[in-house]
Amino acid sequence: MTPQGSATNMATAYDPKLVESKWYAYWMEQGFSQADSASGKKPFTIVIPPPNVTGQLHMGHALDNAIQDILIRWRRMSGDDALWVPGTDHAGIATQAKLEEEIAKEGLTRHDLGREGFLARVWDWKEQYGSRIVEQLRMMGASCDWSRERFTLDEGCSKAVRESFVRYYERGLIYRGTYIVNWCPHCMTVISDIEVDHEERAGRLYYIKYPLASGNGFITVATTRPETMLGDVAVAVHPTDERYRHLIGQEAILPLMERVIPIIADATVDPAFGTGCVKITPGHDPNDFEMGLRHNLPQIAVMAKDATMNENAGIYQGMERMACRARILQDLQEQGLMDKIEEHHHSVGTCSRCDAVIEPLVSEQWFVKMKPLAEPAIAAVREGRLRFVPERYGRTYLNWMENIRDWCISRQLWWGHRIPAWTCPEGHRTVAIEDPACCSTCGSTQLTQDPDVLDTWFSSALWPFSTLGWPETTPDLKRYFPTDVLVTGYDIISFWVARMIFSSLEFMGREPFHTVVIHGMVRDTQGRKMSKSLNNGIDPADIVAGYGADALRFMLIHGSAPGNDMSFQQERLEQARNFANKIWNASRFVLMNLEGYQPGPPLDSSAQLTLPDRWILSRLNKVTTSVQEALERYDFGEALGTLYDFLWDEFCDWYIELVKPRLQPKAVDPDPQTSEEAAADLRLAQGVLATVLRTTLELLHPFMPFISEEIWQHLPKGEASRSIMITDWPKTNATLIDNAAERNMTALMEGIRSIRNLRGEMNVPHGRKIILQILPASPEGRTLAEEAKPLLQRLANASEVTMISEAEVPAKALTIALSNLTIYLPLAEMIDIPQEIARLAKELAALEEEIARLESRLQNEGFLSKAPQAVVEQERVKLADYLSKKQTLVARQQQLS
RNA sequence: GGGCGGGUGGCUCAGCGGUAGAGCACCUGAUUCACAUUCAGGGGGUCGUUGGUUCGAAUCCAAUCUCGCCCACCA
C-alpha cells in the first residue's frame, strides 16, 4: 500500500491526521479485524460494553475501548483468532427521556404520537446516533469485527430476551407481585433499587402529636415526611420500651384525617430515635410496608403517580406533595398538634436518570427472584472460576450479590423489550416466546399484551451470548462463547457485570468470561466526574482531531494504575503527542540511515556486535519480556511505561547517539580489509537499528496502532507482511540477553555523565574538545576501555582518547573513578590542584558514607542469614565497586598532595 | 452503620519489602549534523501522623487524622 523506502518524504513533525484515517480504512478493507472461525486458531473474545445508543462516547468510553483494543490487538498478534464484538444498547429510560424532550420542543407528548408513532421516531433517532458512536470508535482505532455488530433491540437480541423471560418464568424465577417500589414521578416509571441514588440532604424532623383515642393525652411521633401521615395506619413502639408499654393495644386518632389507628409493638422500632414512636405508612415507606405485612395492616396510597395527593388524601387531594406538606404543617400548627421541629440530615432517594425525588409506592410489577440466581454467581467468584482485576472489585461484586434483593424488571415505558405476557378477559396469564393466538388456559383469542417493557439491563445481561446467536446454537456461539475478558468501569459492576454473570450461569450453564478487567473513571482537571450539568465533558473526537488517536490512547493508559481513577489533563496529552513525535523522528533517523540495507536473518549473539549493540539488544529483549508480563497481568500502564522509557531514554538518548559515527559515510579507505570491515559494521549497525525499532513498534502497536503501522510499513521487511496488525508478536530471544554488556554500559554511561558534569563545573565551553586518558585497572577494564574509546569521543566530545599506564598519569588532570578503570581529564591550564583535592575529598566523603552503610549491613548477621541470597550478592558487588573507586580516589589524593 | 480507595517533590500521578521515580513547572547551558513536540545538566520529597512486625518499611500490621467513592429500609 505505502511504498517501503526512505525517510526523505517524512515530515519533520508527526501529523496524525495524515495517517490515521488511511490506515483504519486499510485495516477494514483488508478485513484484519474480522474474526475467522475457520482459522483453527485459539479464539479470544471480548464483547464491548454497549454504549447507550443515544449518547455519544465520552472519555470514559475512550479509556474502556482503548483497553479492549489493546487486549484484542495483542492477542491477535499473538496468534489468537481475536473477536471483538461491537454494539450499542437501546438504553430504555435514557433514550425515551431524550426523545420526549425532543418532541416536547414541537409541543407534543408521546401520547400525542401514540405508541407506534413514538417508537418510529425513536428508531429514526437511534439510526442517527448509533452511527455517531461507530464513527467515534473508528476514529480511536478500535479493531472491532464490524460484521458482527449488534444492538440490544435487534431481532436476535429480542429473541434472546423472550427466550430468557419465558425460561425464568417457567422456572418460577420471574413473578408478578405487588410490592413497594421506587417510583420516579418524573420519568413516570418504576425503577430498580440500584437506579436510585441516595443523596445526603438537610431536612427536618417534625414531631407530631397524635391524640390518644382514650382522650388521655397524646402519643408523639417523629417524621421527616409529614405529608405521608394521611396514609398512616398505625403507630408503633418498641415492645420493651417502658415509656410506652402501657399504650400498646390502645388506639390513637390520626390528626387531619380523624382516623382511629392502633398502637402496635414492633422490635424494629428504635427507641432512641425521635420519641421512640413511629407512624406507620405502608403505602409510602418501604420499612412501614414490611411492618404492615407483619401486622396485617392495610395499605393506603395517598399519592398519585405524578406525586400529587389523590382521593385518599381528603381535603389535600390534588395538591403537589411539597405544597401538601406545607399545608399540613400549617394545619397541625393551628390545631396545636405540632410539638417541635428539629434540623435533621437524612438521605433522600433520587432517580439516577432525572434526579427527581423517588416516591416509594405500592404497585404491581414483574420481578426476578434473585436468591437462587445469586448463589451460583457468588460461587463462581468465590471458587475462582471468574476473576476480577484488580482483585478488590471482586469484593464489591460479592458484597452486592450477597445482599441482593429481588429485581424489579418492568418499566412503564414504550422504548424497550415489551414483556411477553398476555392476559385474556378471564384474567388468565399467558407467557410465551411467540405471540400467542389464544389464552393458554381458556383458549380465548382476546388477548392483551402487558403494556410494560423490560429494564434495559435485562437485555444487556444476556449480551455475551445473545450477540453470538443464542438462543440458536450458532457456530459463533459454539466457538466464541464463553468469551474471555470483560472490560468495564467499576460503576456498573452491579448494574451489568453481576447480571451477566448470573444470567449466563442460568442459561449457558457457565461463566460468560473468565476475567473482568475493571478500570477507573476519567475525571476532569479538578478531579470531578465529567457530567453534562458541569459541562466539563470532553468529546474524544476533539482530542483525536487535535492530538491524534495514538496520543489520546497513550494519555489514557500511561501512568495510570489498574482500577484507579485518572484525571484528564492537557499536559499529559502534550506528553503523549511529544512521545509520538519522538517515535516519528527516531524512525526518520533510522530510515534515513538504512540505505543499502537488506534485512537478513534475525540478529544473534554470534554477530560482531559492539558493546552498545549487545546492550540495546539485551535491553530490548528484557523489555519484550516485561511488556508481555505486564499485559498478562492486565497492567497496561506498566507495559506502556516500559516502552516509553526504553524508546526515549535508552534507544533515542543513548543508542542512537552512540551509533551515529558508525553510520557516517567514511572516506574510501585504501586498505580493502578496513573498508570491508567498516561496511560490515555499517550493515550490523543498520541491522540493530532496524531490529530494535521494528520490535519496539510491534510491542507498541496495541497501544498506539496508527503511528506504529505507518512507520512499520516504511521499514524494510524480509518476508512480505501486509500489516503490523497481523504480524507476529515479538518473542524474547534469551540468547541476546547480556548482563555483562548491561553492566559495562551502565558503567560507561556513568563515566560519560561524570565527564559532562565536570565539563560543566569547570566551565569547559561546549564546543571545546577535550582529551581523555584512560587507565585500566584490570583486563576487563582494558577491554571496556577499548570499546569505550569511540563512544567517549562522541558523547563526551573528546578529540582524543588514549590508554595510559600508571606511570603516565598526569598531575594536572581531573579524575573520574569507575569500578575497573579510571578516566583522567588533563585540562592543565584550568586545574587548581588544591581545588581538585577538595573535590576528590567531597566525593570520597559521599563514597565513605555509602561504604559504611553497606559494610554495616554486610556485617549484620540477620541480614546475611535472612535476606535473599541475590540481595546479599548485589550488596557485595556494590561494596566491592565502591571500595575500588575509593582506593583510586585515595591514591589520587595522595598523588596530588 | 458497613465496605473500598486516595493522602509520595510546586502541580498531576507511578512505585507498594531491599539505598525515593516520571511528566509538567522551575533554574543553568546547548542547538545548521532525526526531533525545540529537542538535547545536556541542576534545585526540590524525614513518602499524612503514631505505634508495631522485620536484618531492612513509602511499601506489611494496628491505631489515628483527612479527602473521596460505593453499599444500607437512620422514621
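As shown above, the structure is provided for reference.
Presented here is an overview of the structure given in this document.

Rules behind the numbers
Residues numbered from 1 in each chain as written. Chains lettered and ligands numbered in written order. Predicted model: local features only at pLDDT ≥ 70, side-chain atom pairs only at ≥ 80, totals over all residues. Heavy atoms only, no water. Helix = DSSP H or I, 4+ residues; strand = E, 2+ residues; numbered from the N terminus. Rg over C-alpha atoms; globule rule 2.2 N^0.38 Å. Buried < 20%, exposed > 50% of the residue type's maximum accessible area, 1.4 Å probe, protein only. Contact = heavy atoms within 4.5 Å. Lys, Arg positive; Asp, Glu negative; His and termini not counted. Charge placed at Lys NZ, Arg CZ, Asp CG, Glu CD. Pairing = 2+ DSSP bridges. Axes fitted to C-alpha atoms, helices over the stretch in contact; angles between N-to-C directions. Parallel < 35°, antiparallel > 145°, perpendicular 65-115°, else oblique. Near = heavy atom within 4 Å. Polar contact = N/O pair within 3.5 Å; in protein donor to acceptor, adjacent residues only side chain to side chain. Nonpolar A, V, L, I, M, F, W, Y, C, P; charged D, E, K, R; others polar. Phe/Tyr/Trp six-rings, centres within 6.5 Å; stacked < 30°, edge-to-face > 60°. 1 Å grid on protein atoms, 1.4 Å probe; cavity = no way out; pocket = protein on both sides within 12 Å on 5 of 7 lines; lining within 4 Å. Points joined across faces, edges and corners; volume = space filled by probe spheres on them. Salt bridge = Lys/Arg side-chain N within 4 Å of Asp/Glu carboxyl O. Expected span 1.5 Å × (residues − 1). Bend = angle between axes of the 7 residues up to and from the residue. Right-handed = clockwise from strand over helix to strand, strands pointing away. Arc of directions from axis to C-beta.

Remarks on the overall build of chain A
Here comes step 1: What chain A contains, in helices and strands, is 25 helices and 29 strands.
Here comes step 2: Its C-alpha radius of gyration of 37 Å places chain A more than 25% over the 29 Å reference for a compact globule of 897 residues.
Here comes step 3: With the C-alpha coordinates of chain A rotated into their principal frame, the extents come out at 120 × 65 × 55 Å.
Here comes step 4: Expressed as a percentage of its 897 residues, the buried residues of chain A come to 54%.
Here comes step 5: Relative to all contacts within chain A whose residues are 6 or more apart in sequence, the contacts with residues 24 or more apart total 77%.
Here comes step 6: Treating the 93 positive side-chain charges of chain A as one cloud and the 119 negative ones as another, the clouds have centres 2 Å apart.

Focus: the side chain of H519
Here comes step 1: Turning to its location among the elements, H519 is positioned in strand 23 (residues 515-519).
Here comes step 2: Setting aside residues up to four positions removed in sequence, H519 forms contacts with G60, L63, D64, I67, V487, T488, G489, Y490 and G563.

Structural notes on the sheet that holds strand 8 (residues 218-223)
Here comes step 1: With respect to topology, three strands assemble into an open sheet ordered 8-7-13, the strand pairing being antiparallel. Where the open sheet ends on each side, the last strands, each with one partner, are strand 8 and strand 13 (338-351). Strand-to-strand twist in this sheet, taken as the mean axis angle between neighbours without regard to direction, amounts to 20°.
Here comes step 2: The pairing of strand 7 (residues 196-211) with strand 13 spans 13 bridges and is antiparallel. Counted as the bridge partner of G203 is H344 from strand 13.

Some words on the packing of helix 16 (residues 570-592) against helix 20 (residues 705-714)
Each pair of packed helices gets described by two things: the angle between the helix axes and the distance between those axes.
Here comes step 1: At their nearest, the axes of helix 16 and helix 20 sit 11 Å apart, and the two run at 0° to each other. The angle between helix 16 and helix 20 falls in the class roughly parallel. Note on element contacts: helix 20 touches helix 16 through I707, E710, I711 and H714, opposite A580, I583, W584, S587 and L591.

Regarding unusual backbone geometry
Here comes step 1: Going from V389 to P390, the amide bond is cis rather than trans, its omega being -5°.
Here comes step 2: Here P390 lies in the loop between strand 15 (387-389) and helix 9 (392-402).
Here comes step 3: At the junction of F481 and P482, the peptide bond is cis and its omega measures out at -5° in the coordinates.
Here comes step 4: Tracing the backbone through its elements, the reader meets P482 in the loop between helix 12 (475-480) and strand 22 (485-489).

Some details on the protein's contact with RNA strand B
Here comes step 1: Close to RNA strand B lie 52 residues, the nearest being N287, Q569, W648, K866 and P868.
Here comes step 2: What you see for RNA strand B is that sugar and phosphate hold 62% of its atoms within 4 Å of the protein.
Here comes step 3: K660 is positioned with one of its side-chain polar atoms (N or O) 3.3 Å from a phosphate oxygen of RNA strand B.
Here comes step 4: Here a base oxygen of RNA strand B and a side-chain polar atom of R853 are 2.7 Å apart.
Here comes step 5: Secondary-structure elements contributing two or more residues to the surface near RNA strand B are strand 8, strand 12 (277-280), helix 16, helix 18 (636-663), helix 21 (739-761), helix 23 (833-859), helix 24 (861-866) and helix 25 (869-896).
Here comes step 6: It is helix 16 that provides the largest number of residues to the surface near RNA strand B, a total of ten residues.
Here comes step 7: Class assignment of the residues belonging to the surface near RNA strand B gives a composition of 18 nonpolar, 16 polar and 18 charged.

Re the environment of Y882
Here comes step 1: Tracing the backbone through its elements, the reader meets Y882 in helix 25.
Here comes step 2: Here the alpha-carbon distance between Y882 and V190, two residues 692 residues apart in the chain, equals 74 Å.
Here comes step 3: The contact partners of Y882, leaving out residues within four places of it in the chain, are L847, E850, I851 and L854.

Observations regarding the side chain of T696
Here comes step 1: Structurally, the position occupied by T696 is in helix 19 (residues 672-700).
Here comes step 2: Beyond its immediate stretch of four places on either side in the chain, T696 contacts L620, L643, F646 and L647.

Points about the packing of aromatic side chains
Here comes step 1: Under the counting rule described, the total for this entry stands at 33 aromatic pairs.
Here comes step 2: Consider the rings of W27 and F706, whose centres lie 5.2 Å apart with planes at 25°: the pair is stacked. With W27 in helix 1 (residues 20-30) and F706 in helix 20, this pair connects stretches of sequence that are 679 residues apart.
Here comes step 3: Classification of F706 as buried rests on a relative accessible area of 1%.
Here comes step 4: Between W457 and F495 the ring centres are 5.3 Å apart and the planes differ by 35°, which places this aromatic pair in the tilted class. Highlighted residues: W457 in helix 10 (residues 456-460) and F495 in helix 13 (residues 493-507), separated in sequence by 38 residues.
Here comes step 5: For F495, a relative accessible area of 16% gives the class buried.

Here we look at the pairing of strand 10 (residues 251-254)
Here comes step 1: Only one face of strand 10 is covered, namely the face carrying A252 and L254; the face carrying E251 and I253 is uncovered.
Here comes step 2: Looking at chain direction, strand 10 and strand 11 (residues 259-265) are connected through four bridges and run antiparallel. Residue pairing in the sheet places E251 in a bridge with P262 of strand 11.
Here comes step 3: Connecting strand 10 to the next strand, strand 11, in antiparallel fashion are four residues, including L256 with a positive phi near 70°.

Side note on the packing of helix 1 against helix 20
Here comes step 1: Contact pair helix 1 / helix 20: the axes reach a minimum separation of 9 Å and the direction vectors enclose 85°. Taken together, the axes of helix 1 and helix 20 lie roughly perpendicular to each other. Seen from helix 1, the contacting residues are E20, K22, W23, Y24, Y26 and W27; seen from helix 20, they are P705, F706, E709, E710 and Q713.
Here comes step 2: Residues of the contact of helix 1 with helix 20, tallied by class, amount to six nonpolar, one polar and four charged.

Digging into empty space enclosed by the protein
Any empty space left between the atoms is revealed when a probe the size of a water molecule rolls over them.
Here comes step 1: Inspection of the entire model under this criterion finds three cavities of 30 Å³ or more.
Here comes step 2: The calculated volume of the largest cavity comes to roughly 150 Å³.
Here comes step 3: Lining the largest cavity are 18 residues; nearest its centre among them are I67, S560, A561, P562 and G563.
Here comes step 4: Among the elements that take part in the lining of the largest cavity, strand 23 stands out by supplying three residues, more than any other.
Here comes step 5: Each residue belonging to the lining of the largest cavity can be placed in one class, and the counts come to eleven nonpolar, six polar and one charged.
Here comes step 6: Looking at the second largest cavity, its volume works out to about 50 Å³.
Here comes step 7: Of all the secondary-structure elements, those providing two or more residues to the lining of the second largest cavity are helix 2 (59-77) and helix 15 (549-557).
Here comes step 8: Per element, the largest residue contribution to the lining of the second largest cavity is four residues, and it comes from helix 2.

Topic: the pattern of salt bridges
Here comes step 1: In the structure shown here, the tally under the stated rule is 57 salt bridges.
Here comes step 2: For R857, the salt bridge goes to E875, with nearest N and O atoms at 2.6 Å. Of this pair, R857 sits in helix 23 while E875 is found in helix 25, placing the two residues 18 residues apart along the sequence.
Here comes step 3: The exposure class assigned to R857 is partly exposed, which follows from its relative accessible area of 34%.
Here comes step 4: When salt bridges with common partners are traced through the structure, they connect R225, E227, R321, R325 and E359 into a single cluster.

Looking at helix 18
Think of an α-helix as turning once every 3.6 residues; residues three or four places apart then point the same way.
Here comes step 1: With 28 residues, helix 18 ought to run about 40 Å at 1.5 Å a step, yet its terminal C-alpha atoms sit only 36 Å apart, falling short of that.
Here comes step 2: Of all the bends in helix 18, the largest measures some 45° and sits at F651.
Here comes step 3: Among the 28 residues in helix 18, 20 count as buried, and that is most of the element.

Some thoughts on the pairing of strand 23
The two faces of the sheet receive side chains in turn, since in a regular strand these alternate between them.
Here comes step 1: In terms of burial, strand 23 is a largely internal element, five of the five residues being buried.
Here comes step 2: Side-chain alternation along strand 23 places T515, V517 and H519 on one buried face and V516 and I518 on a second face that is also buried.
Here comes step 3: The pairing of strand 22 with strand 23 spans five bridges and is parallel. Across the sheet, residue G489 finds its bridge partner in strand 23, namely H519.
Here comes step 4: Considered for its hand, the β-α-β crossover made up of strand 22, helix 13 and strand 23 is right-handed.

As for helix 6 (residues 286-294)
Here comes step 1: For helix 6, the complete set of buried residues consists of D288, F289, M291 and G292. Around the axis of helix 6, the buried residues are gathered within 170° of arc, so they sit on the same side.
Here comes step 2: Those residues of helix 6 that are buried are in contact with strand 5 (174-184), strand 9 (234-237), strand 11, strand 12 and strand 14 (359-368).
Here comes step 3: Sitting at the head of helix 6, D285 places a side-chain oxygen 2.8 Å from the backbone nitrogen of N287.
Here comes step 4: Looking at the residues trailing helix 6, positive phi occurs at N296, about 55°.

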